[in-house]
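In case you want the letters, here they are:
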Amino acid sequence: LAKKLLKICFVLLYTVTGVPSIFYGDEYGMENNDGSSRGCFDWNNNENEIYNFVKKLGLIRKLSVLKDGDLNILYADKGKFVFERIGNGQRLITMVNMKDSKLKINLDGKFTSLISGEEIKDFSLGEFEYEILIEQK
């Protein structure tokens, strides 16, 4: 569950307006289990699922629509959030669901997932799922 929530946080951080800022080690899912200050970075265990996910988001973040596109909220209700970024001839949709009920939204247009690379036809998410879509022109 913690990994799913961390990924949702990164999806939002990398797709809303502004410049993403993360504390060292967060991009690797580094934990602080003993309640003290964060320890030294573990250079031997630095490439994992969270790192690869944040790396992919960094590549997505280079899209011009995420640099200066407008943000429009399409849906927001009790842990379900959908918004679009529009600009520079691009339209990007971010969807996150942090509830146990399905999130389903109707979108006009053809979209490709920037997470999986697949064309998306069913715009629904289950519990603790996320999606970043780019409209195909």
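In this report, the structure presented in the accompanying data block is examined. (Residues numbered from 1 in each chain as written. Predicted model: local features only at pLDDT ≥ 70, side-chain atom pairs only at ≥ 80, totals over all residues. Heavy atoms only, no water.)

1. Observations concerning helix H2 (residues 49–60)
Here's step 1: The end-to-end C-alpha separation of H2 is 17 Å, in line with the 16 Å expected for 12 residues at 1.5 Å each.
Here's step 2: The complete set of buried residues in H2 reads Ile50, Phe53, Val54, Leu57 and Ile60. The arc enclosing the buried residues of H2, seen along the axis, measures out at 110°, which places them on a common side.
Here's step 3: Check the buried side of H2 and you find it contacts helix H1 (2–15), helix H3 (64–68) and strand E8 (129–136).
Here's step 4: One side-chain oxygen of the residue at the start of H2 lies 3.0 Å from the amide nitrogen of Ile50, identifying that residue as Asn48. (Helix = DSSP H or I, 4+ residues; strand = E, 2+ residues; numbered from the N terminus. Expected span 1.5 Å × (residues − 1). Buried < 20%, exposed > 50% of the residue type's maximum accessible area, 1.4 Å probe, protein only. Arc of directions from axis to C-beta. Contact = heavy atoms within 4.5 Å. Polar contact = N/O pair within 3.5 Å; in protein donor to acceptor, adjacent residues only side chain to side chain.)

2. Some points on the sheet that holds E8
Here's step 1: Strands sit in the order E1-E2-E3-E8-E5-E6 across an open sheet of six strands; the sheet is antiparallel. With partners counted over all chains shown, the strands left at the sheet margins are strand E1 (70–77) and strand E6 (119–120), one partner each.
Here's step 2: For strand E3 (residues 90–97) and E8, the ladder comprises six bridges, and the chain directions are antiparallel. Within E8, the position partnered with Met95 by the bridge is Glu131.
Here's step 3: Each of strand E2 (80–87), E3 and E8 touches H1; the most contacted strand, E3, lies at about 155° to it. (Pairing = 2+ DSSP bridges. Axes fitted to C-alpha atoms, helices over the stretch in contact; angles between N-to-C directions.)

3. Notes on the pairing of E3
Consecutive side chains along a regular strand alternate between the two faces of the sheet.
Here's step 1: Counting buried residues in E3 gives seven out of eight residues, a clear majority hidden from the surface.
Here's step 2: Looking at chain direction, E2 and E3 are connected through eight bridges and run antiparallel. In the sheet register, Glu84 faces E3, and the bridge partner there is Ile93.
Here's step 3: Linkage of E2 to E3, two consecutive antiparallel strands, is achieved through a turn of two residues, within which Asn88 is found at a positive phi near 55°.

4. A closer look at the packing of aromatic side chains
Here's step 1: Within the structure shown, the criterion is met by four aromatic pairs.
Here's step 2: For the ring pair Phe53 and Tyr130, a centre distance of 5.3 Å and an interplane angle of 65° mean the geometry is edge-to-face. Of this pair, Phe53 sits in helix H2 while Tyr130 sits in strand E8, and the two are 77 residues apart along the sequence. (Phe/Tyr/Trp six-rings, centres within 6.5 Å; stacked < 30°, edge-to-face > 60°.)

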